[in-house]
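# Remarks on the overall topology
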Amino acid sequence: MPVDLVRDAAIDVILRVFDRGVYLDVSLDKTLRRKKPSDRGRRFMTQLAYGTVRHRLLCDFILQKLCHQALDELPTPILAILRMGVFQSLFCDNVTHPAMVHTSVDLAKRRHHAGTARMVNAILRKVPQSLDEVQLPDKAEDLHKYLRIRYSMPKWLARDWMKQFGDETAEELCIACDSPAPMSIRVNTLCTEKDKLQEDLARSGCIMASQTPIPEELTLMDGGKLVSTKWFQQGHFMIQDPASMLPPHLLDPQEGEHILDMCAAPGGKTTHIAQLTHDKARIIAMDQGQYRLQKIGENLNRLNMESVELLCGDGAKPPLRGEFDKILVDAPCSGLGTIRRHPDIKDNIKPMDIQRLAHQQLRLLRSAIALCKNNGIIVYSVCTISLEETQEV
């Protein structure tokens, strides 16, 4: 039986994440560009890769009870196949249990040898077929352990959330992180109107609806690839989370003002600031590295915005002088508020990283204060909910 190419490609994505620490979205994008699957294959590969990473600890919890050896002693491709098999069994309604087992065995034969394929077959045949069949830790006796296993949360993060927000809110946060995030866009009102774009995208098969009070937001409810539409290529919208549309509104930029976006890549908030000022402010978008500046430039060109000047530099040691009316410090952070969209953050971020990032954020803010004129405005924003990076900064 030939190997399922979509599942095989998903294993490549997962291995790069678990073995080499590659960001999940970067790893998936690399494979999608190389393999060029159908739209259906693209959706299934994305579901497999993101779901397996999102539920890794839960999968390991189940596998360890069925495997006669420690999981870290297994060949890494085999462990990835087993994890992906458990994910399919528990969360993929479109995959039957026999199909999951058979395709996983085929993958094991391709990735290792017949002996490990037989082991994969024996283990996955015993895997629960629903969450109701999984014997999870008792929530009443040990909520911390339950949250760690059921929602695949690192020990330290589950503990911190319980301490910071209380048991009930910590569990609500874990539940929120357990499902994929919808795709949202920011309408470029410099070249179209929200209602018109909504109608245009509907004709392209993308059904959009407003889900927040943010004026420019539309969220994909059903349909195909937004980036393949001509409206994306013509700069009628930017793919952007609603939360990241808030800082430019808080900045309240006006025409003619001198504005600095201190950590600007990839340019979502920069282009939003230009949009809110009708492309008539003096905006400097600064970031470190030519590649990051290139991404900002690509978005500026696609959205047809001309009021932004790019500058390569470290915000903590800015290579510029002068007084700005307004400064946005959208600081590098742990990203703990984006776990729903980036589940690999759970494995990548450690407590020591948060302390390091908080120190960096303070340095950026001090630089911003030195560059901002008296009575000017600085907006500090991060996509995290840790105390160290928010209230304490």
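Before reading on, note that the structure itself is shown above.
A brief look at the structure comes next. It should be emphasised that the depicted structure is a prediction, and the values quoted were computed from it without experimental measurement.

## Concerning the packing of aromatic side chains
Using the criterion set out here, one finds three aromatic pairs in the structure. Seen from their ring centres, Phe87 and Phe91 are 5.7 Å apart, and the 25 degrees between their planes marks the pair as stacked. With Phe87 and Phe91 both in helix α5 (residues 76-91), this residue pair falls four residues apart, about one helical turn. Accessibility expressed as a relative area gives 22% for Phe91, which makes it partly exposed. Look at Tyr146 and Tyr151: their rings are 6.2 Å apart centre to centre, the planes differ by 85 degrees, and that puts the pair in the edge-to-face class. An identical accessibility class is assigned to Tyr146 and Tyr151; each is buried. Of note, Arg83 hangs over the ring of Phe18, and the distance from its end group to the ring centre comes to 4.8 Å. The ring of Phe232 carries the charged tip of Arg302 above its face, separated from the ring centre by 3.9 Å.

## Some points on the pattern of salt bridges
Per the counting criterion, the structure on display carries 19 salt bridges. Here Arg110 makes a salt bridge to Asp8, at a shortest N to O gap of 3.1 Å. On the criterion of sequence distance, the pair formed by Arg110 in helix α6 (residues 97-111) and Asp8 in helix α1 (residues 5-20) is long-range, its members being 102 residues apart. Since its relative accessible area comes to 53%, Arg110 is described here as exposed.

## Re the layout of surface pockets
Its volume calculated, the second largest pocket comes out at about 240 Å³. Every residue along the wall of the second largest pocket is listed here: Asp4, Val6, Arg7, Arg40, Arg43, Phe44, Gln47, Asn94, Val95 and Ala99. Counting only elements with at least two residues in the lining of the second largest pocket, the list comes to α1 and α3 (39-54). Take the lining of the second largest pocket: its biggest share by element is four residues, from α3. Taken together, the residues of the lining of the second largest pocket sort by class into four nonpolar, two polar and four charged.

## Considerations on a positive patch on the surface
On the surface, Arg20, Lys30, Arg34 and Lys35 cluster together to form a positively charged patch. Here the positive patch gets three residues from one element, more than from any other, and that element is helix α2 (residues 24-35). Structurally, the position occupied by Arg20 is in helix α1. For Arg20, a relative accessible area of 58% gives the class exposed.

## Overview of the sheet that holds strand β3 (residues 217-222)
Strand order in the open sheet made by the four strands is β2-β3-β1-β4, with antiparallel pairing throughout. Only two strands of the sheet have a single neighbouring strand rather than two, namely β2 (207-209) and β4 (237-239). On average, each strand axis in the sheet is tilted by 35 degrees relative to the strand beside it, whichever way the strands run. Packing against the sheet, helix α14 (residues 268-276) makes contact with β1 (184-187) and β4, and its axis sits at approximately 30 degrees to β1.

## Structural notes on the packing of α1 against α2
Across the interface, α1 lies against α2 with an axial gap of 9 Å and an inter-helix angle of 150 degrees. In terms of orientation, α1 lies roughly antiparallel with respect to α2. Every pair of crossing elements has a handedness; the one defined by α1 and α2 is right-handed. Here α1 contributes Ala9, Asp12, Val13, Arg16 and Val17 to the contact with α2, which in turn contributes Leu24, Ser27, Leu28, Lys30, Thr31, Arg34 and Lys35.

Scoring rules and cut-offs
Residues numbered from 1 in each chain as written. Predicted model: local features only at pLDDT ≥ 70, side-chain atom pairs only at ≥ 80, totals over all residues. Heavy atoms only, no water. Phe/Tyr/Trp six-rings, centres within 6.5 Å; stacked < 30°, edge-to-face > 60°. Helix = DSSP H or I, 4+ residues; strand = E, 2+ residues; numbered from the N terminus. Buried < 20%, exposed > 50% of the residue type's maximum accessible area, 1.4 Å probe, protein only. Lys NZ or Arg CZ within 6 Å of the ring centre and 35° of its normal. Salt bridge = Lys/Arg side-chain N within 4 Å of Asp/Glu carboxyl O. 1 Å grid on protein atoms, 1.4 Å probe; cavity = no way out; pocket = protein on both sides within 12 Å on 5 of 7 lines; lining within 4 Å. Points joined across faces, edges and corners; volume = space filled by probe spheres on them. Nonpolar A, V, L, I, M, F, W, Y, C, P; charged D, E, K, R; others polar. Patch = residues over 30% accessible without salt bridge, like charges linked within 9 Å, V, L, I, M, F, W, Y side chains within 5 Å. Areas by Shrake-Rupley, 256 points an atom, 1.4 Å probe, with all protein chains shown as cover. Lys, Arg positive; Asp, Glu negative; His and termini not counted. Charge placed at Lys NZ, Arg CZ, Asp CG, Glu CD. Pairing = 2+ DSSP bridges. Axes fitted to C-alpha atoms, helices over the stretch in contact; angles between N-to-C directions. Contact = heavy atoms within 4.5 Å. Parallel < 35°, antiparallel > 145°, perpendicular 65-115°, else oblique. Left-handed = near helix turned anticlockwise from the far one by under 90°.

By themselves, these figures tell us nothing about what the structure is for.
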